[in-house]
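Inside the fold
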Amino acid sequence: MGSYDYLIVGSGLFGSIFAHEAGKRGKKCLMVERRHHIGGNCYTSAEEGINVHRYGAHIFRTDERRIWDYMQQFCTFNHFINAPLANYKGTIYNLPFNMNTFSKLWDITTPAQAKAIIDAQKKRVQKEPSNLEEQAISLVGTDIYEKFIKGYTQKQWGRACKDLPSSIIRRIPVRFTYDNNYFNDPYQGIPKGGYTPIFEKLLEGCEILLGTDFLKHRAELGQRAKKIIFTGTIDSFFDYALGELEYRSLHFEHELLDEANFQGVAVVNYTDEETPYTRIIEHKHFEFGTGDKTIISREYPRTWSRDLEPYYPINDEKNQRLYQEYQALAAREEKVVFKGRLGEYRYYDMQDVVKSALAYAQEELKGS
């Protein structure tokens, strides 16, 4: 297969953008992907005329025009605006927390009324918040916390809110307007035709090995390139020599329904603790589908183990200390760099990954 300038482990956004930028500069890249498709967690599959987000909802958004323009080289975004709903024990509320939510919750009509209720409830926490529960109440009061945050968060993280660090919720969007647009970003949408065509364009000219676990073949594969961009979990690269970092995993149940419209919106969060899944996604609404059938996905949080996909790093103090120890090991690697959400053990939105990949490519490939 010859010699490559870069071997890229993982075909998600970071690896694919770097491969594209390196290819433009005449570099030869080999992409190694453990799954049997490209695109990482952004992968979409076309079924019954619907582009299904196989690994959860991915809504692209950014406040930077340069990032928006960069992505539009590879797709055309539609005008989808994320306006999810919350289902609390069978009652529907608007998200993010706004006057539509407060009006239904408290039977009020004015921002002043809503603010007075929230301010009074926030006073329950008089000291510096020491956990997520106290932090949430100090930001939005007890009613919103109990109905919309507590159960959902405990399902998502598999821990009681009292046992989660306050840093997980630094801010909670609260709007005293009747505005259901979840994001403030001026640029947001879903790529027409799904995400997979974006990756097909990004990886034109890049050699790809699908269904190949780099870690099982590292002795052979590692010799084929001058440098390795590793976007998998950093602890797995070192065979968990210092112990396992903690992640949350997810399980998806996809279902084809013989009806045109199941829930009337793309995303509904189930915020009570009794419902085992955190949300239901109805994929056709991302692209304003009008067909006679629909596909939904129920999303179940899971405790991560080595045989499951890691989705979210658990960035508490204990795990951050362990990650720093792995960083010290990584610094000794002469030809390997660790990038992306898993390689850097941090939460990235898609726009963050794009920015990070472009910044690294500019630095790494300068002079090429």
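About the thresholds
- Residues numbered from 1 in each chain as written.
- Predicted model: local features only at pLDDT ≥ 70, side-chain atom pairs only at ≥ 80, totals over all residues.
- Heavy atoms only, no water.
- Buried < 20%, exposed > 50% of the residue type's maximum accessible area, 1.4 Å probe, protein only.
- Helix = DSSP H or I, 4+ residues; strand = E, 2+ residues; numbered from the N terminus.
- Pairing = 2+ DSSP bridges.
- Axes fitted to C-alpha atoms, helices over the stretch in contact; angles between N-to-C directions.
- Parallel < 35°, antiparallel > 145°, perpendicular 65-115°, else oblique.
- Contact = heavy atoms within 4.5 Å.
- Nonpolar A, V, L, I, M, F, W, Y, C, P; charged D, E, K, R; others polar.
- Expected span 1.5 Å × (residues − 1).
- Core = buried A, V, L, I, M, F, W, Y, C linked by side-chain atoms within 4.5 Å.
- Left-handed = near helix turned anticlockwise from the far one by under 90°.
- Phe/Tyr/Trp six-rings, centres within 6.5 Å; stacked < 30°, edge-to-face > 60°.
- Lys NZ or Arg CZ within 6 Å of the ring centre and 35° of its normal.
- Salt bridge = Lys/Arg side-chain N within 4 Å of Asp/Glu carboxyl O.

**Re the pairing of strand 12 (residues 267-270)**
Put simply, side chains in a regular strand alternate between the two faces of the sheet. Here strand 12 shows two buried faces, one formed by Val267 and Asn269 and the other by Val268 and Tyr270. The pairing of strand 6 (residues 85-88) with strand 12 spans three bridges and is parallel. Bridged to Asn87 within strand 12 is Tyr270. Alignment of strand 12 against strand 13 (residues 279-282), held across three bridges, turns out to be antiparallel. Note that in strand 13 the partner of Val268 across the bridge is Ile280.

**So, the packing of helix 3 (residues 99-106) against helix 4 (residues 111-122)**
Where helix 3 contacts helix 4, the axes come no closer than 10 Å and their chain directions differ by 70 degrees. One way to sum up the angle between helix 3 and helix 4 is to call them roughly perpendicular. On helix 4, the residues that touch Met99, Phe102 and Trp106 of helix 3 are Pro111, Ala114, Ile117 and Ile118. Residues belonging to the contact of helix 3 with helix 4 are distributed by class as follows: seven nonpolar, no polar and no charged.

**Remarks on the environment of Cys161**
Along the chain, the position of Cys161 falls in the loop between helix 6 (142-157) and strand 8 (187-189). Exposure remark for Cys161: the relative accessible area of 0% places this residue in the buried category. The spatial distance from the C-alpha of Cys161 to the C-alpha of Ala136 is 9.3 Å, given a sequence separation of 25 residues.

**What to know about helix 12 (residues 350-364)**
Here helix 12 contains 15 residues, and its C-alpha end-to-end distance of 21 Å stays within 8% of the 21 Å for a straight helix at 1.5 Å per residue. Close packing links the buried residues of helix 12 with helix 1 (13-24), strand 5 (60-62), helix 2 (65-71), strand 10 (225-230) and strand 16 (336-338).

**Brief notes about the nonpolar core**
Judged by nonpolar contacts, the single largest core of 53 residues is most densely connected at Leu7, Phe102, Ile144, Ile149 and Phe214. Apart from residues no more than four positions distant in its own chain, Phe214 is found in contact with Leu7, Val9, Val32, Leu221, Gly222, Ile228, Phe230 and Phe237. Core analysis: the next-biggest nonpolar cluster, separate from the first, contains 46 residues, Tyr6, Phe77, Phe183 and Leu203 among them.

**Overview of the packing of helix 5 (residues 132-140) against helix 6**
Relative to each other, helix 5 and helix 6 sit at 145 degrees, their axes nearing to 9 Å. Handedness of the crossing formed by helix 5 with helix 6: right-handed. Of helix 6, the residues touching helix 5 (which contributes Leu132, Glu133, Ala136, Ile137 and Val140) are Thr142, Ile144, Tyr145, Ile149, Lys150 and Thr153. For the contact of helix 5 with helix 6, the residue count by class is seven nonpolar, two polar and two charged.

**Digging into the sheet that holds strand 1 (residues 4-9)**
Two modes of strand pairing occur in sheets, parallel and antiparallel, and in both the strands are linked by backbone hydrogen bonds. The sheet built from five strands is open, its strands ordered 9-2-1-10-16 with parallel pairing. Across the chains shown, the open sheet's two edge strands, defined by having one partner strand only, are strand 9 (207-209) and strand 16. If you compare each strand with its neighbour and ignore which way they point, the axes differ by 20 degrees on average.

**Details of the packing of aromatic side chains**
Evaluation of the coordinates by the stated rule reveals 28 aromatic pairs. With 6.2 Å between their ring centres and 40 degrees between their planes, Phe14 and Tyr360 make a pair best called tilted. One end of the pair, Phe14, is in helix 1; the other, Tyr360, is in helix 12, and 346 residues separate them in sequence. Taking relative accessible area as the criterion, Tyr360 reaches 12% and is therefore assigned buried. Taken together, a centroid distance of 5.1 Å and an interplanar angle of 65 degrees make the contact between Phe230 and Phe237 edge-to-face. Of the residues examined, Phe237 reaches a relative accessible area of 7% and is grouped as buried. Among the aromatic residues, those joined into a ring-pair cluster are Phe214, Phe230, Phe237, Phe238, Tyr326 and Phe338. Above the plane of the ring of Tyr55 lies Arg35, whose end atom (NZ or CZ) is 4.0 Å from the centre. One residue, Arg298, lies across the ring of Tyr277, its end atom 6.0 Å from the ring centre.

**Focus on the pattern of salt bridges**
Counted under the stated rule, the structure contains 25 salt bridges. Across the salt bridge formed by Lys122 and Asp119, the nearest N and O atoms sit 3.8 Å from each other. A residue pair is termed a helical-turn pair when its members lie 3 or 4 positions apart in one helix, as Lys122 and Asp119 do in helix 4 at three residues. We classify Lys122 as partly exposed; its relative accessible area is 28%. Salt-bridge contacts for Asp316 lead to Arg159; the nearest nitrogen and oxygen are separated by 3.3 Å. You can see Asp316 sitting in the loop between strand 15 (312-313) and helix 10 (317-331) and its partner Arg159 sitting in the loop between helix 6 and strand 8, a full 157 residues away along the chain. When its relative accessible area of 11% is taken as the criterion, Asp316 is described as buried.

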